[in-house]
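Geometric and topological summary
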Amino acid sequence: MAAVDTLLERNASFTALVASNDEMAIGAIKRLTECGIAVPDRVSVIGFDDIPLAPYITPSLSSMKLPVTEMIDETINRLLTMLDGGDWHSQAPFTASLMLRDSVTQGPWSA
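Every value quoted in this text rests on a predicted model; they were computed, and no experiment measured them. (Residues numbered from 1 in each chain as written. Predicted model: local features only at pLDDT ≥ 70, side-chain atom pairs only at ≥ 80, totals over all residues. Heavy atoms only, no water.)

A short note on the environment of Ala 28
Summarising the element assignment, Ala 28 is placed in helix 2 (residues 22–34). Once the C-alpha coordinates of Ala 28 and Val 43 are considered, the two residues, 15 residues apart in sequence, prove to be 10 Å apart. Discounting residues that sit within four places of it in the chain, Ala 28 has contacts with Met 1, Val 4 and Leu 17. (Helix = DSSP H or I, 4+ residues; strand = E, 2+ residues; numbered from the N terminus. Contact = heavy atoms within 4.5 Å.)

Here you go:
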């Protein structure tokens, strides 16, 4: 909410916000709505984490979803390998998924 206030105080021109987590994105949507700025018609908002609440707020929150369970499993496996004196090798990067919902204006690029 504070970041939105700062942008508005600076008369910044923006059509989208990307928050570092879903809770911050929800706060941004709340402040934008309180200021009469329609989400997503005037400003699209996307979060990060895809919390269980994301589909249920209004508008439903678009979010980046990380494979957290797989990341934890890989970290544990690497630690155990290292504790056993082994050497770990890097694996292919984890793939995030974009969960597109109502907080983002969808255009031809989103198909």
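Things to note about the layout of surface pockets
Looking at the largest pocket, its volume works out to about 180 Å³. For the lining of the largest pocket, the secondary-structure elements that each account for two or more residues are helix 1 (2–9), strand 1 (16–18) and helix 2. For the lining of the largest pocket, the element with the most residues is helix 1, which contributes three residues. Residues that form the lining of the largest pocket fall into these classes: ten nonpolar, one polar and no charged. (1 Å grid on protein atoms, 1.4 Å probe; cavity = no way out; pocket = protein on both sides within 12 Å on 5 of 7 lines; lining within 4 Å. Points joined across faces, edges and corners; volume = space filled by probe spheres on them. Nonpolar A, V, L, I, M, F, W, Y, C, P; charged D, E, K, R; others polar.)

Notes on the pairing of strand 3 (residues 62–65)
Bridge count for strand 2 (residues 44–48) against strand 3 is three bridges, and the pairing is parallel. Within the sheet, the bridge partner assigned to Gly 47 lies in strand 3 and is Ser 63. One ladder, built from three bridges, connects strand 3 with strand 4 (residues 97–99); its direction is antiparallel. Within strand 4, the residue paired with Lys 65 across the bridge is Ser 97. (Pairing = 2+ DSSP bridges.)

A closer look at the sheet that holds strand 4
A sheet is described by the order of its strands in space; here four strands give the open sequence 1-2-3-4, paired in mixed fashion. Each of the sheet's edge strands pairs with one partner strand only, and the pair in question is strand 1 and strand 4. The sheet shows a mean angle of 20 degrees between the axes of neighbouring strands, taken without regard to direction. In the packing of helix 2 onto the sheet, the strands contacted are strand 1, strand 2 and strand 3, and the crossing angle to strand 2 comes to about 160 degrees. (Axes fitted to C-alpha atoms, helices over the stretch in contact; angles between N-to-C directions.)

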